[in-house]
Amino acid sequence: MQSSWSELLWGKRAKVRYLLLAAIIMLLTCLGSREIWTQEHRWADIVSTMFYTHDFLHPSLNGNAYYDKPLLSYWFIAAIAVLIGKLNLWAMRLPSAFAGLLAVWSIYSLGTQLKDKRLGLLAGWMLLTTFYFIFWARTSSADMLNMAGTLFAVAWYFSRKHNTRFLDYVIFFLILALTALCK
């Protein structure tokens, strides 16, 4: 039984779509079901204040300027809130969940580039089944955005390390700059 599961998940019969489907289910199912907790209060307060004051360039917490995190992590939440029409738990947690999906794809891509598809799938499944990965990918915070951006930058580098085109370097450094603006 164990060998049949390993063959299906990262062996000869494995497909990347199984990994991505599992990631979508694990990261997006019931995303808004648990109540807001700890640092999520900060994100909710800061983004709701941005909407209230119509000032998206100067974050504030409890009426005081709050520049602990760069603006991009707040802007992602605000953008999703605008898209779905309200600021709720889904809007707050969806950027982290999308970042989790990007991280799973990036680690798969990196493993595939370094060795083969089997290593990529194994790395993807190992990341996806790690408790704190799931925990932070389903929590509104900048941590998952930072990790996903870093993994994506490394995967981008390895996919183009033999190219010396200027545009590849520009995109690589843009990924790093945007990641730095998340945490």
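One can find the structure itself at the top, above this paragraph.
Computed from a predicted structure; not experimentally measured.

## Here we look at unusual backbone geometry
In step 1: In this structure, H54 is a non-glycine residue whose phi angle is positive, near 60 degrees.
In step 2: Position of H54 relative to the elements: it lies in the loop between α3 (40-53) and β1 (60-61).

## Details of the packing of aromatic side chains
In step 1: Evaluation of the coordinates by the stated rule reveals twelve aromatic pairs.
In step 2: The interplanar angle of 85 degrees and the centroid separation of 4.9 Å between the aromatic rings of F135 and W136 together place this pair among those described as edge-to-face.
In step 3: You can call F135 partly exposed: its relative accessible area is 23%.
In step 4: Judged by its relative accessible area of 25%, W136 falls in the partly exposed class.
In step 5: Between the aromatic rings of Y157 and F172, the centroid separation amounts to 6.0 Å while the plane-to-plane angle is 50 degrees, which identifies the pairing as tilted.

## So, the nonpolar core
In step 1: L19, L27, V104, L127, L128 and F133 are the most contacted members of the largest nonpolar core, which has 31 residues in total.
In step 2: Contributions of two or more residues to this core are made by α2 (16-28), α4 (71-84), α5 (89-114), α6 (117-128), α7 (131-137) and α8 (143-160).
In step 3: Per element, the largest residue contribution to this core is nine residues, and it comes from α5.
In step 4: In contact with L27, not counting residues within four places along its chain, are A97, G100, L101, F133, I134, A137 and R138.
In step 5: In this structure, A44, V47, I77 and A142 belong to the second largest nonpolar core, which totals twelve residues.

## Section: the pattern of salt bridges
In step 1: Per the stated rule, a full pass over the model turns up seven salt bridges.
In step 2: The partner of D143 in a salt bridge is K183, and the shortest N-O contact between them spans 2.7 Å. Note that D143 is positioned in helix α8 and K183 in the segment after α9 (166-180), a separation of 40 residues in sequence.
In step 3: One salt bridge connects D168 with R165, and the closest N-O pair in it is separated by 3.2 Å.
In step 4: Given a relative accessible area of 5%, D168 falls into the buried group.
In step 5: Here the residues in one salt-bridge network are R34, E40 and R93, joined through shared partners.

Calculation rules
- Residues numbered from 1 in each chain as written.
- Predicted model: local features only at pLDDT ≥ 70, side-chain atom pairs only at ≥ 80, totals over all residues.
- Heavy atoms only, no water.
- Helix = DSSP H or I, 4+ residues; strand = E, 2+ residues; numbered from the N terminus.
- Phe/Tyr/Trp six-rings, centres within 6.5 Å; stacked < 30°, edge-to-face > 60°.
- Buried < 20%, exposed > 50% of the residue type's maximum accessible area, 1.4 Å probe, protein only.
- Core = buried A, V, L, I, M, F, W, Y, C linked by side-chain atoms within 4.5 Å.
- Contact = heavy atoms within 4.5 Å.
- Salt bridge = Lys/Arg side-chain N within 4 Å of Asp/Glu carboxyl O.

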